[in-house]
Amino acid sequence: MRIDIVTLFPEVALAPLSDSIIQRARAAGLVEVQAHQLRDWSVDRHKRVDDTLCGGGQGMLLKPEPLFAAVEALKQADTLVVLMTPQGRPFRQAVAQELSKASHLLVLCGHYEGVDHRVIESLVDVELSIGDYVLTNGAIAAAVVCDAVIRLLPGALGDERSHVEESFSDPNLLEAPSYTRPIEFRGMKVPDVLTSGHHANIQAWKKEMALERTRVNRPDLLD
């Protein structure tokens, strides 16, 4: 897989992708990730990429010219163009799984009040939001999406079962609580069922606890 990120903050987008599992996946050649400075495609002599909103309104909007130029320079026949925006489709594990099947992702990062809508109409295949809140810039959101996608690539995780057995592998349930040694710590004990060796009882306990945890923390998933 190849991922190109177009942003005003390339270092922000790449920082979380330069360590641990993701860096090992990059080093192993499972994915190639590059972040590009949007200003490199600016036609303004001051390298400006934003302007005021037509019709009035607060803030600045990313202009179409540099974004069109960036996409035209980087897009390939099999490219999926993704825009990070608060107005986008909610990013879920199922979406990460969809994106992990692509061979080339071109991720555009919104900033200020977003992007000129002609960019969305003409260039963007998928608008994504990582949550109902506003970030300083879309590079942070792009890094989140890239991390979630890259770890799903075959060979990225040491144990291929890991991404199957973790949170949101079942979209309607959170992961059950987990414990490790020591069995007793400051008066708190690991549940006896987990040390019983009875696999059927352990699986039943995990299912029950997953349901309870979801009911408390994410009841919306059970609706």
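Conventions used here
- Residues numbered from 1 in each chain as written.
- Predicted model: local features only at pLDDT ≥ 70, side-chain atom pairs only at ≥ 80, totals over all residues.
- Heavy atoms only, no water.
- Salt bridge = Lys/Arg side-chain N within 4 Å of Asp/Glu carboxyl O.
- Buried < 20%, exposed > 50% of the residue type's maximum accessible area, 1.4 Å probe, protein only.
- Helix = DSSP H or I, 4+ residues; strand = E, 2+ residues; numbered from the N terminus.
- Patch = residues over 30% accessible without salt bridge, like charges linked within 9 Å, V, L, I, M, F, W, Y side chains within 5 Å.
- Areas by Shrake-Rupley, 256 points an atom, 1.4 Å probe, with all protein chains shown as cover.
- 1 Å grid on protein atoms, 1.4 Å probe; cavity = no way out; pocket = protein on both sides within 12 Å on 5 of 7 lines; lining within 4 Å.
- Points joined across faces, edges and corners; volume = space filled by probe spheres on them.
- Nonpolar A, V, L, I, M, F, W, Y, C, P; charged D, E, K, R; others polar.
- Pairing = 2+ DSSP bridges.
- Axes fitted to C-alpha atoms, helices over the stretch in contact; angles between N-to-C directions.
- Contact = heavy atoms within 4.5 Å.
- Right-handed = clockwise from strand over helix to strand, strands pointing away.

## Points about the pattern of salt bridges
Once the charged atoms of two side chains with opposite charge are near each other, the side chains can pair. What the rule picks out here adds up to nine salt bridges. Among the salt bridges present, the one from E65 reaches K63, with a minimum N-O distance of 3.5 Å. Overall, E65 belongs to the partly exposed group, its relative accessible area being 36%. Here K63 falls in the partly exposed class, since its relative accessible area comes to 23%. A salt bridge links E212 to R215; the shortest N-O distance between them is 2.8 Å. In this pair, E212 and R215 are both assigned in helix α8 (residues 199-217), three residues apart and thus about one turn of the helix distant. The class of E212 is partly exposed, set by a relative accessible area of 36%. The class for R215 is partly exposed, based on a relative accessible area of 43%. Connected through salt bridges with shared partners, the residues R2, D4 and E32 form a single ionic network.

## Brief notes about a nonpolar patch on the surface
A grouping of Y133, L135 and I140 is seen on the molecular surface, where their side chains present a nonpolar patch of about 250 Å² in accessible area. Taking the relative accessible area as the measure of exposure, Y133 reaches 43% and is therefore partly exposed.

## So, empty space enclosed by the protein
By the definition in use, this model includes one cavity of 30 Å³ or more. Taken as a whole, the largest cavity holds about 30 Å³ of empty space. A breakdown of the residues in the lining of the largest cavity according to their chemical character gives six nonpolar, five polar and no charged.

## A short note on the sheet that holds strand β5 (residues 79-90)
Here we have five strands laid out as an open sheet, ordered β2-β1-β6-β5-β7, and parallel in their pairing. Each of the sheet's edge strands pairs with one partner strand only, and the pair in question is β2 (32-37) and β7 (126-129). For this sheet, the mean inter-axis angle between neighbouring strands, taken without regard to orientation, is 30°. Two elements, strand β1 (residues 2-7) and β2, share six bridges in a ladder whose sense is parallel. Note on β2: the bridge partner recorded for T7 is Q37. Where helix α3 (residues 64-74) meets the sheet, its contacts fall on β1, β2, β5 and β6 (104-109), and the angle it forms with β6 comes to roughly 165°.

## Overview of the layout of surface pockets
Roughly 420 Å³ of volume is contained in the second largest pocket. Taken together, 25 residues make up the lining of the second largest pocket; nearest its centre are M84, T85, P86, Q87 and G110. Breaking the lining of the second largest pocket down by element, the ones donating at least two residues are β5, α5 (117-122), β7 and α6 (138-150). Considering each element in turn, the lining of the second largest pocket owes the most residues, five residues, to β5. Split by residue class, the lining of the second largest pocket holds twelve nonpolar, eleven polar and two charged.

## Some words on unusual backbone geometry
Note that the residue after R181, namely P182, is joined by a cis bond; omega there is 10°. The residue P182 is located in the loop between α7 (162-165) and β8 (184-185) in this model. Phi at K47 takes a positive value of approximately 65°, unusual for a residue other than glycine. Mapped onto the secondary structure, K47 falls in the loop between β2 and β3 (50-52).

## A look at the environment of G88
Turning to its location among the elements, G88 is positioned in strand β5. For G88, a relative accessible area of 16% corresponds to the buried category. C-alpha separation for the pair G88 and E32, spaced 56 residues apart in sequence, amounts to 25 Å. Non-local contacts of G88, meaning those with residues more than four positions away in its chain, are made with E127, L128 and S129.

## With respect to the pairing of β5
As defined by bridge partners, β5 adjoins β6 across six bridges and the pair is classed as parallel. Residue pairing across strands places V82 opposite V107, the latter belonging to β6. Viewed along the sheet, the connection from β5 through helix α4 (residues 93-99) into β6 turns out right-handed. Two strands pair when backbone bridges link them, and β5 and β7 are joined in this way by five bridges, in the parallel orientation. Across the sheet, the residue bridging to P90 is S129, located in β7.

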